[in-house]
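# Understanding the architecture of this molecule
Given next are the chains, with one letter for each unit.
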Amino acid sequence: MTSKMLRQRLEDLKKRTGANLVTIDAIKKWLFQSTLLQRLRINPYYIAEDSDCNVEKIISELLYGVKAGVFDLHWDVHCPHCNMITAEFNNLGNASALSFCQMCARSFEIDFLERVEVTFSLNKEIEDPKISPVCAPPPILKAKFQLVTPLNETDSATVILEKGRYRYCCPLTCAKGILVVEGEETEELQELCIKQLEGKHFDKSQLTVCPGKVRVELTNIGHSLSGMIMHIDELPDELTLEQLPPRLSGLQLLHFPDYKCLFGEQVLSSRERMKVRSVTIMFTDITGSTWMYETLGDAKAYNIVRDHFEILFQAIEQHGGTVVKTIGDAVMASFLSNAQAMEAAADALLEFRNYNKNRPESEQIQVKFGIHRGSAVLVNLNDRLDYFGSVVNKAARIQSVSRSYEISFSDEVYSDKSFLAALRATGVSGIQKHYEDLKGLKGRQVVYTTRIDIEELIPLVNILI
């Protein structure tokens, strides 16, 4: 690491208008206390844990640091079974929908929420270790030990092993092997000497010992840096986010305002699409906009509609959402959670109330909302990121059955306790459950609606809260 260059570029980063000096100093402190392996893939959540700084502010400064030549940004693809990094890309345009894990010998479809992690490293002019990206095994794998061995060095660990099959592997070189523990337990210390060769191989890929105490010794003769972890050979069918350490997901970064400002021109290739297991989609529309244009004329009505967009966009971004597109007077937005969508809708309605004060009825903005959550496909549509799938269609149809000042949502949203908590926080007194024929969807659909009156809340029938 070229310390002088790093210090200078961090000082340059501080000169940016709006830079958070405290956060930049916390990042600097973390960097100079970190190890090489930690800097290979910088997780902003780890910096936040060590510094007590807000993780969103850390992410913001890291993003600006990419533009300033302090950091490089990486989109890392993780295996759903062992969590090893299987691929990486530094631009969304290079992303692929499929990946293959050499450690598990399995192909998988990439989920942009659960399998893509965004990390950072020092700019290669500051530090270029020429080592493949690596991540620690998730706690659920219960690794028996972790060894780290620079070239021509040896590291060892002593463990007590029970009967079973164990996998030993190097996340850096992708070397792997199987250790079978069988037979009668022994009190004698058993020793295993393994060498990391050039390429993706240990000198021994099949080993057998008895249950008991085992000393594992790894000597690296083939790489600038290698290592070894050992865990039970049986892997989960699919790791969940709850089983993994905190990390910045690809979908989360797309909802980050500073990312959109700095890297918003990056889109997927027109030939690729990325699966998103779960995302919240919100549609809004102005009620009576046609009448507004006819009554006020195109110019005045257009200015009111533009004001409406500004209010909505601000509320959406303030609550972690991102505007996907506008369709006439309608807005499509996405959120990481249902609660964020609810909070954005409530704040927007409050701002519309303030906007409408002292305006004639013909110039007042009346908006309705529809919210749904489900799986989607992230695509490139007209050189911008967009979503396709039933979640989009259903959210739009739910919005179409709403009326002025109403927020309507699906059963999937209603069953989310955090959404209901956000709804209660707005002071809403009730929710109405009804069944609707939504265009393009089979069967009558359950729709929930809450009405937020401009002046005072109107209690609803069929109260469910």
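In the block above lies the structure referred to throughout.
Residues numbered from 1 in each chain as written. Predicted model: local features only at pLDDT ≥ 70, side-chain atom pairs only at ≥ 80, totals over all residues. Heavy atoms only, no water.

### Some remarks on the side chain of Arg373
Within the fold, Arg373 resides in strand E17 (residues 367-380). Comment: no salt bridge for buried Arg373; closest opposite-charge side chain is Asp416, at 6.0 Å. Polar contacts involving the side chain of Arg373 include one to the side chain of Ser278, which spans 2.8 Å. Within the structure, Arg373 has its side chain in polar contact with the side chain of Thr280 (distance 2.6 Å). (Helix = DSSP H or I, 4+ residues; strand = E, 2+ residues; numbered from the N terminus. Buried < 20%, exposed > 50% of the residue type's maximum accessible area, 1.4 Å probe, protein only. Lys, Arg positive; Asp, Glu negative; His and termini not counted. Salt bridge = Lys/Arg side-chain N within 4 Å of Asp/Glu carboxyl O. Polar contact = N/O pair within 3.5 Å; in protein donor to acceptor, adjacent residues only side chain to side chain.)

### Side note on the packing of helix H2 (residues 21-33) against helix H5 (residues 55-67)
The contact between H2 and H5 brings their axes to 10 Å, and the two run at 80 degrees. Here H2 lies roughly perpendicular to H5, going by the angle between them. Every residue of H5 that contacts H2 at Thr23, Ile24 and Ile27 is listed here: Lys57, Ile58, Glu61 and Leu62. Class assignment for the residues of the contact of H2 with H5 results in four nonpolar, one polar and two charged. (Axes fitted to C-alpha atoms, helices over the stretch in contact; angles between N-to-C directions. Parallel < 35°, antiparallel > 145°, perpendicular 65-115°, else oblique. Contact = heavy atoms within 4.5 Å. Nonpolar A, V, L, I, M, F, W, Y, C, P; charged D, E, K, R; others polar.)

### Re the sheet that holds strand E5 (residues 116-122)
Read across the sheet, three strands follow the order E2-E1-E5 without closing on themselves; strand pairing throughout is antiparallel. The open sheet has two edge strands, strand E2 (85-89) and E5, and neither has a second partner. Within this sheet the neighbouring strands show an average axis-to-axis angle of 35 degrees, counted without direction. Pairing of strand E1 (residues 71-78) with E5 involves seven bridges; the strand directions are antiparallel. Bridged to Asp72 within E5 is Ser121. (Pairing = 2+ DSSP bridges.)

### A short note on the nonpolar core
In a soluble, globular protein the nonpolar side chains are often hidden away together inside. Residues Leu63, Phe71, Trp75, Phe112, Leu253 and Tyr387 are the most contacted members of the largest nonpolar core, which totals 71 residues. At seven residues, the largest contribution of residues to this core is made by H5. Leave out the neighbours within four places in its chain, and Phe112 touches Trp75, Leu92, Ser249, Gly250, Leu251, Leu254, Met274, Lys275, Val276 and Leu378. Grouped together as the second largest cluster of nonpolar side chains are 43 residues, Met282, Ala315, Tyr355 and Val413 included. (Core = buried A, V, L, I, M, F, W, Y, C linked by side-chain atoms within 4.5 Å.)

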